[in-house]
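As a plain string of letters, each chain reads:
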Amino acid sequence: MTQDELKQAVAREAIKYVVDDAWIGVGSGTTASFFIDELAKMKHRIKGAVSSSEKSTARLKGYGIEVEELNNVDNVPVYVDGADEVTKWGAMIKGGGGALTREKIVAAVARKFVCIVDASKLVPVLGKFPLPVEVIPMARSYVARELVRLGGQPAWRMGFTTDNGNLILDVSGLAIEDPGKLETTINGIAGVVTVGLFAHRGADVTLVGTDRGVETLTPIA
């Protein structure tokens, strides 16, 4: 199966977690786009969606799915999104598309986080994929120096601005053995909006597309 076929398979499987007559949290990126395509087929069963990026919002609206502001929604039973890397424990690196802050907010509100990925994204240790950090523009150089102190090699994602008007530093060279601890440390640096580590609020369910079919992983207690 091609990578796109694997993504389509997990997107179809994720539909099983959609709650009828509710607002559905929808992420961003290519795998989330496949989920939106599947969601459009049963849009009459849901109230609409809460979106984590402008691109996903446009795709949802293109299908005639109502998109509501998160501030107006007090109950999001499920959030479906992809990941750049994920472990079997549900800790993730996200933000390759630059929507990490909004993704983290919607994930925090949702009662269940369903992560959908192809098998190439499942890793034993996070960090091979550069770790995105969203920063306030005036703090870019300071935050970069602090990330170097942590052992990382930050690179400014030049020419890119997040939906929030901020910048992204992509940090290479990290083997993230304790993602929760590193998430707390980086979020504590002045000028950081958020880091693309999803450990404190990781996936409740990870659907992994493989040539053998879709595997369902839940965090090991």
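So, here's what we can say about the structure. Source: prediction; values computed, not measured.

On to the overall build of the protein, then. Within the protein, the regular secondary structure consists of 6 helices and 13 strands. Taking 17 Å as the expected radius of gyration for a compact globule of 221 residues, we find that the protein reaches 17 Å, a close match to that expectation. Within the span of the protein, comprising 221 residues, buried residues form 53% of the whole. Contacts in the protein between residues at least 24 apart in sequence constitute 73% of all its contacts with a sequence separation of at least 6. A total accessible area of about 10300 Å² is found for the protein, and carbon and sulfur atoms account for 51% of it. Taking the average location of the 25 positive side-chain charges in the protein and that of its 27 negative ones, the two points are 1 Å from each other.

In terms of burial, strand S12 (residues 205-210) is largely enclosed, as 6 of its 6 residues are buried. Going residue by residue along S12, you find Val-205, Leu-207 and Gly-209 tucked away on one face and Thr-206, Val-208 and Thr-210 tucked away on the opposite face as well. Bridge count between strand S6 (residues 112-118) and S12: 5 bridges; the pairing is parallel. Residue pairing for S12: Ile-116 is matched across the bridge by Leu-207. As judged from the 5 bridges shared by S12 and strand S13 (residues 213-217), these two strands associate in the antiparallel manner. Note that in S13 the partner of Thr-210 across the bridge is Gly-213.

This part covers helix H3 (residues 54-62). Every buried residue belonging to H3 is among Ser-56, Thr-57 and Leu-60, and all of these are buried. The buried residues of H3 occupy an angular sector of 105° when projected down its axis, which confines them to one face. In H3, those exposed residues whose orientation departs by more than 90 degrees from the buried face are Lys-55 and Gly-62. Buried residues belonging to H3 abut strand S1 (23-26), helix H2 (30-40) and strand S2 (48-51). Positive backbone phi, approximately 80°, marks Gly-64, located one or two places after H3.

Size it by volume and the largest pocket reaches roughly 300 Å³. Lining of the largest pocket is provided by 14 residues; of these, Ser-51, Glu-68, Glu-69, Leu-70 and Arg-102 occupy positions nearest its centre. When contributions to the lining of the largest pocket are tallied by element, the ones reaching two or more residues are S2, H3 and helix H4 (100-109). Broken down by class, the residue content of the lining of the largest pocket amounts to 5 nonpolar, 4 polar and 5 charged. Together, 14 residues line the second largest pocket, and Ser-28, Ser-53, Lys-55, Gly-97 and Ala-99 are the ones closest to its centre. At 4 residues, the largest contribution of residues to the lining of the second largest pocket is made by H3.

It is worth spelling out the nonpolar core at this point. Formed by 23 residues in total, the largest nonpolar core has its most connected members in Val-18, Val-26, Phe-35, Leu-39 and Ile-116. When residues of this core are traced back to their parent elements, those giving at least two are helix H1 (3-14), S1, H2, strand S3 (78-81), S6 and S12. Tallying contributions element by element places H2 first for this core, with 5 residues. Within the second largest apolar cluster, 22 residues are counted, among which are Leu-126, Val-143, Leu-167 and Ile-176.

Calculation notes
Residues numbered from 1 in each chain as written. Predicted model: local features only at pLDDT ≥ 70, side-chain atom pairs only at ≥ 80, totals over all residues. Heavy atoms only, no water. Helix = DSSP H or I, 4+ residues; strand = E, 2+ residues; numbered from the N terminus. Rg over C-alpha atoms; globule rule 2.2 N^0.38 Å. Buried < 20%, exposed > 50% of the residue type's maximum accessible area, 1.4 Å probe, protein only. Contact = heavy atoms within 4.5 Å. Areas by Shrake-Rupley, 256 points an atom, 1.4 Å probe, with all protein chains shown as cover. Lys, Arg positive; Asp, Glu negative; His and termini not counted. Charge placed at Lys NZ, Arg CZ, Asp CG, Glu CD. Pairing = 2+ DSSP bridges. Arc of directions from axis to C-beta. 1 Å grid on protein atoms, 1.4 Å probe; cavity = no way out; pocket = protein on both sides within 12 Å on 5 of 7 lines; lining within 4 Å. Points joined across faces, edges and corners; volume = space filled by probe spheres on them. Nonpolar A, V, L, I, M, F, W, Y, C, P; charged D, E, K, R; others polar. Core = buried A, V, L, I, M, F, W, Y, C linked by side-chain atoms within 4.5 Å.

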